[in-house]
Amino acid sequence: MIKMLILAVLMLPFQLWAQPLPEDGGFITPPLTSEGVDPMAEDLYLYLQDAKQRHFSVSVLHSSEEPQVWFDEKYQLNENQAKQLADALTQLSQQSLSSHEQAAISQILRYIR
């Protein structure tokens, strides 16, 4: 009993961390603008801003067997949100971006399509 309680407490941060993104009709508003890539991070972090001036990050974490895409480091995307993000990133990739930003977008698109 005590072991199960300890295990439940230890797993709580992981359960809270992997949350679905709240459904609010449109979680991003294209067009997106890039605010850069974190060159010092072990994983990929692309920082973006949408048309409503909301700042967020899209990251590809390689800590598990299969890389995972996260929105703002704590939300997993559902199928519809992944499609919305893919469309917005495809549109963004048509703009003049640095090679690091283009590579980041390509890698994110590979994992969410």
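Residues numbered from 1 in each chain as written. Predicted model: local features only at pLDDT ≥ 70, side-chain atom pairs only at ≥ 80, totals over all residues. Heavy atoms only, no water.

Engineer: What is the right way to read the side chain of Gln-49 from this model?
Structural biologist: Within the secondary structure layout, Gln-49 lies in strand β3 (residues 44–49). Here Gln-49 falls in the buried class, since its relative accessible area comes to 13%. Of note is the side chain of Gln-49, whose polar atom sits 2.2 Å from the side chain of Gln-53. Residues contacting Gln-49, with those up to four places away along its chain left out, are Pro-31, Leu-32, Thr-33, Glu-35, Arg-54, His-55 and Phe-56. (Helix = DSSP H or I, 4+ residues; strand = E, 2+ residues; numbered from the N terminus. Buried < 20%, exposed > 50% of the residue type's maximum accessible area, 1.4 Å probe, protein only. Polar contact = N/O pair within 3.5 Å; in protein donor to acceptor, adjacent residues only side chain to side chain. Contact = heavy atoms within 4.5 Å.)

Engineer: Honestly, the packing of helix α2 (residues 79–92) against helix α3 (residues 99–112) in this entry has me stumped. Any pointers?
Structural biologist: The relative placement of two packed helices is expressed as an angle between their axes plus a distance between the axes. The N-to-C vectors of α2 and α3 enclose an angle of 155°; their axes lie 10 Å apart at closest approach. Here α2 is positioned roughly antiparallel relative to α3, judged by the angle of their axes. As for the relative orientation of α2 and α3, their crossing is left-handed in sense. Note on element contacts: α3 touches α2 through Ile-105, Ile-108, Leu-109 and Ile-112, opposite Ala-82, Leu-85, Ala-86, Leu-89, Thr-90 and Leu-92. (Axes fitted to C-alpha atoms, helices over the stretch in contact; angles between N-to-C directions. Parallel < 35°, antiparallel > 145°, perpendicular 65-115°, else oblique. Left-handed = near helix turned anticlockwise from the far one by under 90°.)

Engineer: Is there a simple way to explain the confidence of the model for the chain in this structure?
Structural biologist: When pLDDT drops low, the exact placement of atoms in the prediction is not to be read closely. Of all residues in the chain, 77% have pLDDT values of 70 or greater, and the mean over the chain is 83. The least confident element of the chain is helix α1 (residues 2–17), whose mean pLDDT is 46; the most confident is strand β2 (residues 33–37), at 97. The low-confidence segment residues 7–17 (pLDDT under 50) makes 4 contacts with residues lying over four places distant or belonging to another chain. (pLDDT = per-residue confidence, 0-100.)

Engineer: Sorry, what's going on with the environment of Asp-38 here?
Structural biologist: Relative to the assigned elements, Asp-38 resides in the loop between β2 and β3. The partly exposed category is assigned to Asp-38, whose relative accessible area is 27%. For Asp-38 and Glu-101, which are 63 residues apart along the polypeptide, the C-alpha to C-alpha distance reads 9.7 Å. For Asp-38, the side chain forms a polar contact with the main-chain nitrogen of Met-40, separated by 3.0 Å. Looking at Asp-38, its side chain comes within polar contact range of the main-chain nitrogen of Ala-41, at 3.4 Å.

Engineer: I would appreciate a short explanation of the pairing of strand β4 (residues 55–61) in the present structure.
Structural biologist: For a regular strand, side-chain orientation follows a simple rule: the groups alternate between the two sheet faces. Of all 7 residues in β4, 6 are buried; the element is thus mostly enclosed. The pairing of β3 with β4 spans 6 bridges and is classified as antiparallel. Bridged to Tyr-45 within β4 is Ser-59. If you look at the hairpin formed by β3 and β4, you'll find 5 residues sitting between the two strands, and Gln-53 has a positive phi there, around 65°. Between the antiparallel neighbours β4 and strand β5 (residues 68–71) lie 6 residues. (Pairing = 2+ DSSP bridges.)

Engineer: In this structure, what is going on with the nonpolar core? I would like to understand it.
Structural biologist: Soluble globular proteins tend to pack their nonpolar side chains together in the buried interior. One finds Leu-85, Leu-89 and Ile-108 to be the most contacted residues of the largest nonpolar core, which totals 25 residues. Contributions of two or more residues to this core are made by β3, β4, β5, α2 and α3. The biggest single contributor to this core is α2, with 6 residues. (Core = buried A, V, L, I, M, F, W, Y, C linked by side-chain atoms within 4.5 Å.)

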